[in-house]
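Here's the letter readout for the chains.
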Amino acid sequence: MKNYKHIKVTPISTAIGAEISKIDISMDLPEPVISEIRHALLEHLVIFFRDQDLSDPERHRIFTRYFGQLFIHPNFNMGQKDPEMVYLTRKPGDKAVVGETWHADTTMMKAPPMAAILYALEAPKYGGDTLFSNQYLAFESLSVGMKQMLNGLKAIHNDARVAGPKAGFNSKRTTQVREDDGWTLTENAHPVVRIHPETKRKSLFINSTYVQNIKGMTVEESAAILNYLYEHATKPEFSCRFRWRTGSVAFWDNRCVQHLAINDSNNATRRMQRTQLLGNDVL
Ligand code: SIN
């Protein structure tokens, strides 16, 4: 682990995740501090901050911009004033939450976001945790034969299961997504094994929320391979679990991480504010 000078970095599991302390991210940050945060993100894949105040969306935007450009999510863009801020709200009685199946974010895009920064405006006393899984380890722990077979394959990702008139989420949850007739499907093919543009490490890049099939194979043929990989990629030993408190922040590298919001907050309210960072084409 790197020797950090400006922040304290405490891993929360062997595979993934570290808590960053001795820092107030609502303040203007100098370059050496930003550089260490970026390093911690690359080293631990998801980093967490406690007791922060990003409730002013402008402070959340400023912190996000230290690491790149803001991404606008097409399915949450309904003409609001600040389309780059997405509010993920669970209210008592909701039957569904955003992100309740394992996924990397928004992978139907040609250039999926490189990262997301999620801030808890209001966390339940218990429940509503988020799981994260290390997709480098998922790839590296496969057999040589499986790695050879996957190298060179592409998967078709689209957003048919999460948005559009047939998705059916808006009747089950407070957070609304585009399900109007004017919505159009976004679909792109990405390598099943990608190379991280900064670390140059290989990771699995498939997820059961967006992937439909392997390019050149039927849905049924693909399912045999994909279902194995989905289960493998989210094994407990590749994962960590984060318990939210109001004021907590999770910042994950969407290029090598899958995550899942546990839909168990029962009758509690959970209000989250999210930004995403523009990414590059998947190589
Ligand atoms: C997401 O998938 O971005 C939401 C995660 C969460 O609410 O815990």
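Structure: above.
A quick note: this is a predicted structure, and the numbers were derived from the prediction, not measured.

Engineer: Before we move on, could you go through helix 1 (residues 31-44) and cite the residues and values that matter?
Structural biologist: For helix 1, built from 14 residues, the straight-helix expectation of 20 Å at 1.5 Å per residue is met to within 8% by its first-to-last C-alpha distance of 20 Å. Listed as buried for helix 1 are Val33, Ile34, Glu36, Ile37, Ala40, Leu41 and His44. One side of helix 1 holds all its buried residues, which, seen down the axis, span an arc of 160°. The inward-facing, buried residues of helix 1 abut strand 1 (8-11), strand 2 (18-21), strand 3 (46-49), helix 2 (57-65) and strand 13 (249-253). Two residues or fewer after helix 1 comes leucine 45, characterised by a positive phi angle close to 75°.

Engineer: Break down helix 5 (residues 219-233) for me, with residues and values.
Structural biologist: Here helix 5 spans 19 Å end to end across 15 residues, near enough to the 21 Å set by a 1.5 Å rise per residue. The sharpest bend along helix 5 reaches about 30° and sits at isoleucine 225. Listed in full, the buried residues belonging to helix 5 are Ser222, Ile225, Leu226, Leu229, Tyr230, His232 and Ala233. At its buried positions, helix 5 is contacted by strand 6 (130-134), helix 3 (135-140), helix 4 (144-150), strand 10 (202-204), strand 11 (211-214) and strand 14 (257-261).

Engineer: Could you give an account of the packing of aromatic side chains, naming the residues involved and the relevant values?
Structural biologist: Tallied over the full model, the rule gives 10 aromatic pairs. Each ring, one from phenylalanine 48 and one from phenylalanine 132, has its centre 5.6 Å from the other, and the planes form 65°; the classification is edge-to-face. A residue pair is termed long-range when its members are at least 10 positions apart, and phenylalanine 48 in strand 3 and phenylalanine 132 in strand 6 qualify at 84 residues. A single burial state applies to phenylalanine 48 and to phenylalanine 132, both of which are buried. Measuring from ring centre to ring centre gives 4.0 Å for phenylalanine 48 and phenylalanine 242, while their planes differ by 5°; the resulting arrangement is stacked. Here phenylalanine 48, found in strand 3, pairs with phenylalanine 242, found in strand 12 (residues 239-242); they are 194 residues apart in sequence, far enough to count as distant. Take phenylalanine 48 and phenylalanine 242: they sit in the same class, and that class is buried.

Engineer: Kindly report on the side chain of asparagine 207, identifying the contributing residues and their values.
Structural biologist: Following the sequence through the fold, asparagine 207 ends up in the loop between strand 10 and strand 11. In this structure the side chain of asparagine 207 is engaged in a polar contact, spanning 3.2 Å, whose partner is the side chain of threonine 107. At 3.0 Å, the side chain of asparagine 207 forms a polar contact with the backbone nitrogen of tyrosine 210.

Engineer: Describe the sheet that holds strand 8 (residues 187-191), and please don't skip the residues or the numbers.
Structural biologist: On the basis of which strands lie adjacent, the open sheet formed by three strands has the order 8-7-11 and antiparallel pairing. Of all strands in the sheet, those bounded by a partner on one side alone are strand 8 and strand 11. In this sheet, neighbouring strand axes are inclined to one another by 30° on average, regardless of whether the strands run parallel or antiparallel. Sheet topology note: the strand 7 (residues 154-158)/strand 8 ladder contains five bridges and is antiparallel. Along strand 8, the bridge assignment pairs alanine 155 with histidine 190.

Engineer: Break down the pattern of salt bridges for me, citing the residues and quoting the values.
Structural biologist: Any two side chains of opposite charge can pair, given that their charged atoms come close. What the rule picks out here adds up to 15 salt bridges. The closest approach of N and O atoms between glutamate 198 and arginine 38, which form a salt bridge, is 2.9 Å. In this pair, glutamate 198 sits in the loop between strand 9 (193-195) and strand 10 while arginine 38 sits in helix 1, placing the two residues 160 residues apart along the sequence. By relative accessible area, arginine 38 is classed as partly exposed at 26%. Linking glutamate 84 and arginine 61 is a salt bridge whose minimum nitrogen-to-oxygen distance equals 3.0 Å. Taken together, the positions of glutamate 84 in the loop between helix 2 and strand 4 (86-90) and arginine 61 in helix 2 put the pair 23 residues apart, joining distant regions of the chain. Comparing glutamate 84 with arginine 61, the two get one shared label, buried. One salt-bridge network, in which partners are shared between bridges, spans Arg38, Glu198, Asp253 and Arg255.

Here is what the cut-offs are and how they apply
Starting from 1, residues in each chain are numbered consecutively following that chain's sequence as written. Local features in a predicted model are, by the rule used here, given only for residues with pLDDT of at least 70; side-chain atom pairs are given and counted only at 80 or more, and totals for whole chains, interfaces and linings are based on all residues. Side-chain descriptors were evaluated using all non-hydrogen atoms of the structure, hydrogens and water having been removed beforehand. Put simply, DSSP marks the helices as runs of H or I at least four residues long and the strands as runs of E at least two long, and each gets a number from the N terminus on. What a helix should span is 1.5 Å times the count of its residues minus one. Throughout, exposure labels follow a simple rule: accessible area from a 1.4 Å probe, protein chains only, divided by the maximum for the residue type, with under 20% read as buried, over 50% as exposed, and the rest as partly exposed. By definition, the arc is the one covered by directions from the helix axis to the C-beta atoms. Any pair of residues with heavy atoms lying within 4.5 Å of one another is described as a contacting pair. One fitted axis covers the seven residues ending at a residue, a second covers the seven starting there, and the bend at that residue is the angle between these axes. A pair of aromatic rings is counted whenever rings of Phe, Tyr or Trp (Trp by its six-membered ring) have centres within 6.5 Å, and the orientation is called stacked for planes under 30 degrees apart, edge-to-face for over 60 and tilted otherwise. Polar contacts, as used here, are pairs of N or O atoms within 3.5 Å; protein pairs need one atom able to donate a hydrogen and one able to accept it. Residues neighboring in sequence count only if both atoms are side-chain atoms. Criterion used throughout: strands pair if DSSP finds at least two bridges between them. Between N-to-C directions, angles cover 0 to 180 degrees, with each direction set by a line fitted to C-alpha atoms, over the stretch in contact for helices. Salt bridge, as used here: a side-chain nitrogen of Lys or Arg that lies within 4 Å of a carboxyl oxygen of Asp or Glu.

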